[in-house]
Amino acid sequence: MSESSVTVIARAGDGRLTLKLSLAFLAFIALACIVGPSLSPHDYDHVYRDYVLVPPSFTAHPTSTEAEAALAALAQRMRLNAQASSFDAARTSVTLTSNKPIDLRSLRLFERSDVFAPAQVVGTQDEGRVLQIEVALRHQTFLFGTDSNGRDLLTRLLIAGRISLAVGLLASLVALVIGVAWGAVAGYAGGRVDQLMMRVVEIIYALPFVFFVIVLVVLFGRNFILIFVAIGTVEWLDMARIVRGETLSIKHRDYVAAAEALGVSPAAILKRHVVPNMLGPISAYATLIVAQVILLESFVSFLGLGVQEPLTSWGLLIADGTRMMQSSVYLLVFPAAALGMTLAALNGVGTHFREAFDPPSR
Amino acid sequence: MLRLVAMRCLAAVPTLFIIVTLSFFLMRLAPGGPFDTERGLDPEIAQNLQRIYRLDLPLPAQYGLYLSSLLHGDFGPSFHWRDFSVNDLFAHAMPISLRLGGEALGVSLLCGIGLGVLAAARRSTALSMLAGGIAFLGIAVPSFVIAPVLQLVFGLGLRILPVGGWNDGAWQNQVLPVATLALPQIAIVARLAQASFGQSLASTHIRTLRAFGLPQRHIFLHAGRAAMTPILSYLGSAAAGLLTGSIIVETTFGIPGMGRYFVDGALGRDYTLVMGTVIVVALLVIVFNLIVDLTYALIDPRIRHE
C-alpha cells in the first residue's frame with residue numbers, strides 16, 4: 001500500500017465513513033438476527049447426527065463420498081450388503097442383498113438418516129433376499145458449518161445474536177431509565193438531595209460490578225429476565241453522572257426560569273424542558289452502554305452462567321468454540337467475529353455521536 | 001495532605017459496611033445451601049453441620065457474628081474446602097492474583113503510554129495507525145477470545161510457552177496470562193495518552209517553551225506532566241478491569257488465584273468464600289482509588305491546596 005492511500009484510510013477512519021459503515025453493519029446484523037432464523041432452512045436446535053462438525057462450505061451436503069459412507073453405515077445397521085450406482089443422479093438405485101429375506105421395515109432407517117429421503121422399493125428377487133430400491137439424496141447446505149452436536153452454526157449464530165442484542169437493548173433501557181431519572185432529579189434538586197444521591201452513586205461505584213452480577217445470576221437461577229435486570233442495575237451509574245452534569249447546565253437557562261416563573265411543577269419541567277434538551281448526549285452514551293452490556297452478557301455466558309442450552313448467545317458460542325478450536329477453528333472465528341464487529345460498530349457510532357455533541361473531546 | 005488521607009479513609013468505612021451487608025443478605029436470600037447434595041443428607045448429619053457452621057442461629061445473629069469476626073480479620077471457614085478457612089485460601093491465592101495484576105498494570109502502562117506518546121509526538125501515520133489498530137483490538141476482541149487464541153498459537157502451535165498452570169510462578173507461565181490481562185488496558189491507555197499528550201503539546205505554555213528554544217527533552221517532560229492526569233484518573237477503572245479480567249484469565253489458564261475461587265465459590269454456594277472475595281475485591285478497588293487520588297494531589301498542585 002502506498003503512503004498516500006494509507007493516509008486516506010487513516011483520515012477517513014475518523015470521519016463519516018466509520019459512522020456510515022458502523023450504522024450499515026448494525027442495521028445488517030439486527031435485520032439478519034431478526035428475520036434470519038425464520039428464513040434459514042435449519043432449526044437452531046435441530047441435531048443432524050450425520051453432519052457433526054462439518055466445516056463451512058458453499059457446496060451442498062452430502063457429497064458422493066459422504067453418501068457412500070452413510071450408505072455403508074446404514075447397511076451395517078441393517079445387517080446386509082448394499083451396492084449403489086453413482087450418487088450424482090437425482091435418484092440413486094441401490095441393490096440390497098442379504099442371506100435372509102429382507103424385512104421391509106428396516107428401510108425406515110433411510111427416512112431417519114439426514115442424508116437420504118424415504119426409500120422406494122422397485123423390485124424384489126430371490127424370495128426377498130435381493131431388494132432393488134430407489135432413494136433420493138437430501139441436499140443441505142451449512143454455510144458456516146455445524147457444531148459438535150451437528151447443529152447449523154449460522155442459524156445458531158443468528159439466534160445467539162437475537163439474545164445478545166435483546167439483552168443489550170433491554171438492559172440498556174433499564175440503565176437508561178434509572179440513570180436519567182436519578183441524574184436529572186439529583187441535578188435539578190441540588191443541595192442536600194444532590195449530595196446524598198451522588199454519594200449513593202459513588203458508593204455503588206466502589207462495588208465490584210461483575211462480581212455482583214455473577215452472584216446475582218448464580219444465586220437466582222439462570223433466568224433470562226434476571227440477567228438483563230442484573231446487568232441494567234449496575235450499568236446506570238455513568239449515565240446518572242452525565243445526566244446530572246447536563247441538568248446542572250440546563251437548569252439555569254432562561255426557558256427553565258420562565259417555566260418556573262409560570263408555576264410549572266418541577267416534574268413537568270424535567271419532563272418537558274430538561275430531559276428533551278439533552279437527548280443528544282444521552283443517546284450517544286446509551287450506544288456505548290449497549291456495547292458494554294453485550295460484552296458483559298457474553299462474559300457471563302462464557303463462564304457458563306448465562307443463557308442455557310439449547311438457547312445460546314455469542315458468549316456461549318465462543319465458549320464452545322474455544323473448546324473445539326484445535327480441530328475446528330471456525331467454531332470460534334464466526335461467533336468471535338460477530339461479537340467483535342458488533343462491539344466495534346456500536347463503539348464507532350457512540351464515539352462519533354459523543355464527539356458531535358461535545359466538540360472539545362475531539 | 002494528611003487531612004485528605006484521613007477523610008478518604010473515613011469515607012471508605014460506610015462503603016465497606018454496605019458492601020458487607022449487601023453481600024451477606026444477598027447470599028442468604030438465594031435458594032439452596034452449601035450442604036445440598038443430590039441425594040440429601042441424613043437429617044441428623046445436616047443438623048450437626050448446621051450447628052457446627054452456626055447456620056442454625058437466626059439470621060440477625062449470624063450477621064452479627066460475621067461482622068464481629070470480620071473485625072478480627074477472620075473471614076470464617078470455607079464451606080466447600082472443609083479443612084480450610086477462607087483466610088488460608090486467600091493466603092495462597094492473593095499473592096498470585098496481586099502479582100499477575102500488578103505485572104499486567106505495569107506492562108499496560110509502559111506499553112500504553114509509550115505507544116500513545118510516540119503516536120502523538122511523531123504524528124507519523126504508521127504509528128498512529130498501529131495505536132488505532134491496537135485500540136480497535138482492545139474494543140472488539142474481548143479477553144475471553146484473546147486467552148484461548150494465545151494458548152492455541154504459543155502453547156499448541158509454536159510450543160514455546162506452557163498452555164496453563166502456575167508452576168510456582170515461573171516466568172514462562174506468566175507471559176500469556178499477563179498479556180491477556182494487559183492487552184485491553186494497553187488499548188485504552190494508549191488512546192488516552194495519545195489524546196491528552198497531543199492536547200498538551202498543542203497548548204500555549206508548550207508553544208512558549210518551544211519559542212524559548214528549550215531542548216525537546218524538556219518540552220516533553222513539561223507536556224507529559226500535564227498529560228498524566230487523564231491516565232491517572234483511569235487507573236481506578238483499570239484496577240477494576242484487571243480484577244474482572246482475572247476471573248477469565250485464571251479460569252482459562254488454570255491459575256489458583258482469587259478469580260477462580262470466586263467462580264467456584266459462587267457455583268458451590270460457599271457463602272463465606274464468596275463474601276470474602278467480594279469484600280477483598282471491593283477493598284482493593286477502594287485502596288487503589290485512594291492511592292490514585294493521592295498521586296493526583298502530588299502531580300496537580302491545585303488539588304493539593306484545596
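Remember, it's a predicted structure, so these values are computed and weren't measured experimentally.

S.K.: Explain the nonpolar core residue by residue, including any values.
M.R.: Within the largest apolar cluster, 158 residues are counted, with the highest numbers of intra-cluster contacts made by V213(A), I214(A) and I318(A). Sorting elements by how many residues they give to this core places helix α5 (residues 153–189) of chain A first, with 19 residues. Every residue in contact with I318(A), bar those within four places of it in the chain, is listed here: S298(A), F302(A), L332(A), P335(A), A336(A), L339(A), F144(B) and V145(B). Counting 15 residues, the second largest nonpolar core, distinct from the first, contains A67(A), A70(A), L71(A) and F116(A).

S.K.: Give me the interface of chain B and chain A: which residues, what numbers.
M.R.: At the interface, 34 residues of chain B touch 30 residues of chain A. Elements supplying a minimum of two residues to the side of chain B that touches chain A: α1 (2–29), α5 (125–140), α6 (143–157), α9 (216–253), α10 (258–267) and α11 (271–299) of chain B. Split by residue class, the side of chain B that touches chain A holds 28 nonpolar, six polar and no charged.

S.K.: Talk me through unusual backbone geometry; I want residue IDs and the actual numbers.
M.R.: All names here are of chain B. Even without a glycine there, the phi angle at R159 is positive, about 55 degrees. For R159, the position within the fold is in the loop between α6 and α7 (171–201). Judged by local crowding, R159 falls into the exposed class, with 9 C-beta atoms found within 10 Å.

S.K.: How would you sum up the packing of helix α4 (residues 86–122) of chain B against α5(B)? Please name residues and give values.
M.R.: How two helices sit against one another is set out by the angle between their axes and by the gap between those axes. Residue and element names in this part refer to chain B. Running from N to C, α4 and α5 point in directions that differ by 145 degrees, and their axes come no closer than 8 Å. The two elements α4 and α5 meet at a crossing, and its hand is left-handed. Taking contact as the criterion, the partners of L115, G116, L118, A119 and R122 in α4 are, on α5, L127, S128, A131 and I134. For the contact of α4 with α5, a count of residues per class yields six nonpolar, two polar and one charged.

S.K.: Please give an account of the pairing of strand β2 (residues 91–97) of chain A that cites residues and values.
M.R.: Residues and elements named next belong to chain A. Burial along β2 is one-sided: T92, V94 and L96 are buried, and none of R91, S93, T95 and T97, which face the opposite way, are. Summarising the sheet, strand β1 (residues 81–84) and β2 pair through four bridges and their orientation is antiparallel. Residue pairing across strands places N81 opposite T97, the latter belonging to β2. Inspection of the sheet shows β2 paired to strand β4 (residues 130–136) by seven bridges, in the antiparallel sense. Looking at β4, one finds that L96 is bridged to L131.

S.K.: An account of the sheet that holds β1(A) is needed here, citing residue identities and associated values.
M.R.: All names here are of chain A. The sheet built from four strands is open, its strands ordered β1-β2-β4-β3 with antiparallel pairing. One side of each edge strand has no neighbouring strand; the edge strands of this open sheet are β1 and β3 (120–125). Strand-to-strand, the axes of this sheet are offset by a mean angle of 25 degrees, without reference to chain direction. When β3 meets β4, the two strands line up antiparallel, connected through five bridges. In the sheet register, Q125 faces β4, and the bridge partner there is V130.

Rules of the game
Sequence order as written defines the numbering, with residues in each chain counted from 1. To read the labels, note that chains go from A and ligands from 1, taken in the order they are written. This being a predicted model, a pLDDT of at least 70 is required before a residue's local features are given, and a value of 80 or more before pairs of side-chain atoms are given or counted; all residues contribute to the totals for chains, interfaces and linings. One nonpolar core equals one set of buried Ala, Val, Leu, Ile, Met, Phe, Trp, Tyr and Cys residues connected by C-beta atoms within 7 Å. Comment: burial labels come from other C-beta atoms within 10 Å of the residue's own C-beta, placed from the backbone, where a count of 20 or more is buried, 12 or fewer is exposed, and between is partly exposed. Only DSSP runs of H or I covering at least 4 residues are called helices, and only runs of E covering at least 2 are called strands; the numbering of each starts at the N terminus. For every residue pair, C-beta atoms are placed from the backbone, and the pair is scored as a contact if these atoms sit within 7 Å. Three residue categories are used. Nonpolar comprises Ala, Val, Leu, Ile, Met, Phe, Trp, Tyr, Cys and Pro, charged comprises Asp, Glu, Lys and Arg, and polar comprises the others, including Gly. All axes here are fitted lines through C-alpha atoms, helices being fitted over the stretch that makes contact, and every angle between N-to-C directions spans 0 to 180 degrees. Two helices crossing with the near one rotated counterclockwise from the far one by less than a right angle form a left-handed crossing, whereas a clockwise rotation gives a right-handed crossing. By this definition, two strands are paired if DSSP reports at least two bridges between them.

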